[in-house]
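# Survey of secondary and tertiary structure
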Amino acid sequence: MVNCGLLTNKNEPVPLKSIEVDVLVQGHVATVSSTLQYANEEESALEAMFVFPMPADASVCHFSAKIADKEIVAKVKEREEAREEYDDAIASGDQAFLLEESEESVDVFRLSVGSLPPGQSAAVTFVYVTELSVQADDALRFCLPAVLNPRYTPPGTGGGIVSEITSTPSDIPYSLSLTVHVSSPNPISKVESKCPLEPLQFLNTDHTIAKVSLSAGHKFDRDVELFLHYLNTHQPTAIVEAGDLTAQTGTLMGDLVVMLSLYPEFPEALMSSVLSRGEFVFVMDRSGSMDCPMHHGDHAQMRIESARDTLLLLLKSLPLGCYFNIYGFGSEYESFFPNSVEYTQETMEQAVNRVKEMGADMGGTEILQPLKHVYSQKCIPNHPRQVMQSLRYALQPAVVDITEEWTVPEGMSTTRLSPPINVLFQGQRALIYAQLKGKIPSSDSQGSVTVKYRLADQEVTNKLGFSLKPAENTGLSIHRLAARALIRSLEREEQTEGVEKEALKARVVELSVEAGMSSSHTAFIAVQKSSGEAVKGPLLRRSVPTFCMSDMSGAMADCDYLEICMSDTSEGMAYCEDPEITYYSDTCGKPMEFLQSLPTVEDTLLQLISLQQASGCWEMDGALMKVFGKTEEEAVKRTPAQVDKGVWATVLALIWLNGFKMDAQIEWQFVAMKAVTWIRNQNVVNLAECVRVGNDLLGCQVKEDILGL
């Protein structure tokens, strides 16, 4: 790990002067344009290396550099060809810029800015496209984080480019300006941020176009998050984008492309049910990389401790009657049980006791073998393995059997560009891209799409009409995201044994060059021809200050539980991707939690959760009352008439969670749901009195309907 920064001969950082970010949001996707101003203040020529992270599902689509009054714009070329051209330019004394994905991680890019004369300044502009994540309150989240977590580097690979990325220092020497233009088929209700914003400006009467900016003088010393709220969020929408006028008709970039957003609404009555069937496999990272703090602040929790806490929370959230197992992995792997076991009080206690002993003592981070082993096991009859992003999805009903049927005027046709979508859980959103081929009959022509799916054994049909008059001046973001979906699919297919790898690589390069986007086989190269004189003296290699242009917390599960799901089918490893979530799946759909860097949960909350029984109830004892700051004697004296002590303790736990820990609801929501289900099965006659007395005892004002009772 090295310090990031443009370093002087005295190892002192030369800060960036400024960062300008312009964001264009179209419904659920965004185009992000960033311009960085920096300078070489050394006395020697500088070959600078700039390393920065990107969203895992984003792709760079433009790269240019301006040195003095000269501007050079990069082109996408095959990676090795671009590297050779860059090396030749540097050797000839030309100014060259090379932008490519890191071979260690597709969401890390490195920028070689080549020979920069002493005292010379440069401005680098790059643009990427990405899909915005959906939050629990239906808002769309856009984030520019200020920190990138350290990455594991496999043995024998050296420090690598990823190891050059460190946390942004607390004393940020440059400022950030951010402007966001938003357009949506549905009205925009508000834009929120914890950072100071200028007032939201609506640019039309129906509030479908708006502009917002970060207040002047903002220092990029913390994450910049924006939350976009639309009306009618669960209503499907379609946006048709015009193709590139310079591209050939019949190609992806030359034709129209439509983006369909599907964000199903789950009835509240349906969501109150908890599945009691399923097999849950938790995979715990126990490598040496987990033996480090979560952050660089005081009293930071170790990563392995955070993972243990989260695993405890997950175990307590499982329903009775399901099956589960826990794997730890590093250079090797081991499991708690030879095979998945039924979730009972006894097996839960066994697992909890072993979790407490898990350490970061298993070497490197080699996950492939445990994944292969997990998916070599037979499915348990009547306990379906549900594909999921996190436990909160696995314990909920799902939208399945998703199909869409496109209707366009005669002479036109559609080609689906997105991979198949097998399942959607509550809170998940799918973006589906399709290419519209053929000539539009007239400017007022219409198309439609009929989406069908099954939710809780009910067939649901949505028909959406859309205008074929394309959106223009959009930066081709929808086209490029559609191209990215194809490119990523081809790159994954390339990893499969027995395929024509060279043919797949050639197709990736072709699509990447056509769309002007980066990929694993291409890079951006720009060369500014100069006098042709070779650089005199040694070039100094420096790292330019790193700032995060993406939401890396998405890679770390967005304050949720990160998971990786792999499978094997009769044809081998099969990958299924939904644009909102990424997972591996099989016909059984086994869920698997991959625990690595996870959010810290407060001690009192963990104490409460650790005391819950597998059935969902709590027992009345001193340990529970200590969490509440009460004595067992106080609580027993206030027990309502004809109420069992277990019911009373469980009601108090629910009141405490809702009264004091609402900010951590995503952590305890299924713990509480188990408790509510247990209480309902007890047929309590005076539940309202329990809630009233419990509020009085704990000093809360939680209503009975909030508890779900």
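See the structure above.
These lines cover the structure that appears in this document, whether it is placed above or below. (Residues numbered from 1 in each chain as written. Predicted model: local features only at pLDDT ≥ 70, side-chain atom pairs only at ≥ 80, totals over all residues. Heavy atoms only, no water.)

### What about the overall build of the protein chain?
Rule in force here: To qualify as a helix, a DSSP run of H or I must reach at least 4 residues; to qualify as a strand, a run of E must reach at least 2; elements of each kind are numbered from the N terminus. Residue exposure (1.4 Å probe, protein chains only): buried if accessible area is under 20% of the type maximum, exposed if over 50%, otherwise partly exposed. Residue contacts follow a heavy-atom distance rule, with two residues in contact if any of their heavy atoms lie within 4.5 Å. Accessible areas in this description were obtained via Shrake-Rupley with a 1.4 Å probe; residue shielding takes into account the shown protein chains only.
Looking only at helices and strands, one finds 16 helices and 35 strands in the protein chain. Counting the 709 residues in the protein chain, one finds 55% classified as buried. Long-range pairs, those at least 24 residues apart, make up 76% of the contacts in the protein chain between residues at least 6 apart in sequence. Summing over all exposed atoms, the protein chain offers an accessible surface of approximately 30,400 Å²; the carbon and sulfur share of this is 48%.

### Remarks on the pairing of strand E31 (residues 522-528)
For the record, the criterion: When DSSP finds at least two bridges between two strands, those strands are taken to pair.
Most of E31 sits out of view: six of its seven residues are buried. Sheet topology places strand E8 (residues 75-78) next to E31; four bridges connect them, and they run antiparallel. Residue glutamate 78 lies in a different strand from E31, and its bridge partner there is threonine 522.

### Examining empty space enclosed by the protein
The condition is simple: Residues are said to line a cavity or pocket when one of their atoms sits within 4 Å of a point; the points come from a 1 Å grid over protein atoms alone, cavities being sets where a 1.4 Å probe fits but cannot get out and pockets being open sets with protein on both sides within 12 Å along at least five of seven lines. Grid points are joined across faces, edges and corners, and a volume is the space filled by probe spheres set on the points. Residues are grouped as follows: nonpolar covers Ala, Val, Leu, Ile, Met, Phe, Trp, Tyr, Cys and Pro; charged covers Asp, Glu, Lys and Arg; every other residue, Gly included, is treated as polar.
On inspection of all chains with the given rule, the structure shows three cavities of 30 Å³ or more. In this structure, the largest cavity occupies an estimated 100 Å³ of space. In this structure, the largest cavity is lined by 16 residues; those nearest its centre are His28, Leu140, Asn186, Tyr230 and Thr233. Residue classes in the lining of the largest cavity are distributed as six nonpolar, nine polar and one charged.

### Focus: the sheet that holds strand E28 (residues 430-437)
How we decide: Inter-axis angles, ranging from 0 to 180 degrees, are taken between N-to-C directions of lines fitted to C-alpha atoms, where helices are fitted over the stretch in contact.
The antiparallel open sheet is built from four strands, whose spatial order is E19-E20-E28-E26. What marks the edges here is a single partner per strand, and that holds for strand E19 (237-241) and strand E26 (413-416). Pairwise comparison of adjacent strand axes, ignoring direction, gives a mean angle of 25 degrees for this sheet. Relative to E28, strand E20 (residues 256-262) runs antiparallel, the two being bridged by seven bridges. Directly across from serine 261, in E28, lies its bridge partner leucine 431. Where helix H7 (residues 477-494) meets the sheet, its contacts fall on E19, E20 and E28, and the angle it forms with E20 comes to roughly 80 degrees.

### Examining the nonpolar core
Our working definition: Nonpolar cores are built from buried Ala, Val, Leu, Ile, Met, Phe, Trp, Tyr and Cys residues. Side-chain atoms within 4.5 Å join them into one set.
Judged by nonpolar contacts, the single largest core of 44 residues is most densely connected at Val23, Val25, Phe97, Phe142 and Leu178. Residue contacts for phenylalanine 142: discarding those within four places in its chain leaves Val23, Val32, Tyr128, Leu132, Leu178, Val224, Glu225 and Leu226. In terms of nonpolar packing, the next biggest core, distinct from the first, is built from 40 residues, Ile655, Leu657, Ala672 and Val691 among them.

### Some remarks on the packing of helix H10 (residues 603-610) against helix H13 (residues 645-660)
Short version of the rule: These descriptions rest on fixed angle ranges, namely under 35 degrees for roughly parallel, over 145 for roughly antiparallel, 65 to 115 for roughly perpendicular, and the rest for oblique. Handedness of a crossing follows from how the near helix is turned relative to the far one, being left-handed for an anticlockwise turn of less than a right angle and right-handed for a clockwise one.
Packing of H10 against H13 brings their axes to within 12 Å, and their N-to-C directions diverge by 155 degrees. Comparing their axes, H13 and H10 come out roughly antiparallel. For the crossing formed where H10 meets H13, the hand is left-handed. Residues Thr604, Leu605 and Leu608 of H10 pack against Ala653, Trp656 and Leu657 of H13.

### Concerning helix H1 (residues 79-91)
Quick note on the threshold: Expected helix span is taken as 1.5 Å per residue step, with the number of steps being one fewer than the number of residues. The arc under discussion is defined with respect to the helix axis, by the directions toward the C-beta atoms.
The terminal C-alpha atoms of H1 lie 19 Å apart, and with 13 residues this matches the ideal 18 Å at 1.5 Å per residue to within 8%. Buried within H1 are the following residues: Arg79, Ala82, Arg83, Tyr86, Ala89 and Ile90. Buried positions in H1, seen along its axis, are confined to an arc of 130 degrees and lie on one side of it. Facing away from the buried surface of H1 by more than 90 degrees, the exposed residues are Glu84, Asp88 and Ala91. Within two residues after H1, glycine 93 carries a phi angle of roughly 85 degrees, on the positive side.

### Considering the packing of aromatic side chains
Threshold: Between the rings of Phe, Tyr and Trp (Trp by its six-membered ring), a pair exists once the centres lie within 6.5 Å; its type follows the angle of the planes, with under 30 degrees stacked, over 60 edge-to-face, and the other angles tilted. By the criterion adopted, a ring carries a charge over it if an Arg CZ or a Lys NZ lies within 6 Å of its centre and within 35 degrees of its normal.
Using the criterion set out here, one finds six aromatic pairs in the structure. Their ring planes at 75 degrees and their centres at 5.7 Å tell us that phenylalanine 324 and tyrosine 343 sit as a pair that is edge-to-face. Pair noted here: phenylalanine 324 is in strand E22 (residues 323-329) and tyrosine 343 is in the loop between strand E24 (341-342) and helix H4 (345-355), with a separation of 19 residues, a long-range link. Each member of the pair, phenylalanine 324 as well as tyrosine 343, is classed as buried. Each member of the aromatic cluster is reached from another via a ring pair, and the members are Phe324, Phe337 and Tyr343. Directly above the ring of phenylalanine 336 sits arginine 354, whose terminal nitrogen or CZ lies 4.4 Å from the centroid.

### Remarks on the pattern of salt bridges
Here is the rule: Put simply, a salt bridge is a Lys or Arg side-chain nitrogen that is within 4 Å of an Asp or Glu carboxyl oxygen.
In total, this model carries 15 salt bridges according to the counting rule given. Across the pair lysine 190 and glutamate 192 runs a salt bridge, and its minimum N-O distance is 3.3 Å. Overall, glutamate 192 belongs to the partly exposed group, its relative accessible area being 34%. Where glutamate 689 meets arginine 692, a salt bridge forms, and the shortest distance between an N and an O atom there is 2.7 Å. Separated by three residues within a single helix, glutamate 689 and arginine 692 lie in helix H15 (residues 687-698), roughly one turn from each other. Given the relative accessible area of 31%, glutamate 689 is considered partly exposed. Connected through shared salt-bridge partners, Arg286, Glu334 and Asp361 make up one network.

### Things to note about unusual backbone geometry
The phi angle at glutamine 642 is positive, at roughly 60 degrees, despite the residue not being glycine. Its place among the elements puts glutamine 642 in the loop between helix H12 (632-637) and H13. Phi is positive for asparagine 683, close to 55 degrees, though the residue is something other than glycine. Along the chain, asparagine 683 falls in the loop between helix H14 (665-680) and H15. On the basis of relative accessibility, which here comes to 63%, the residue asparagine 683 falls in the exposed class.

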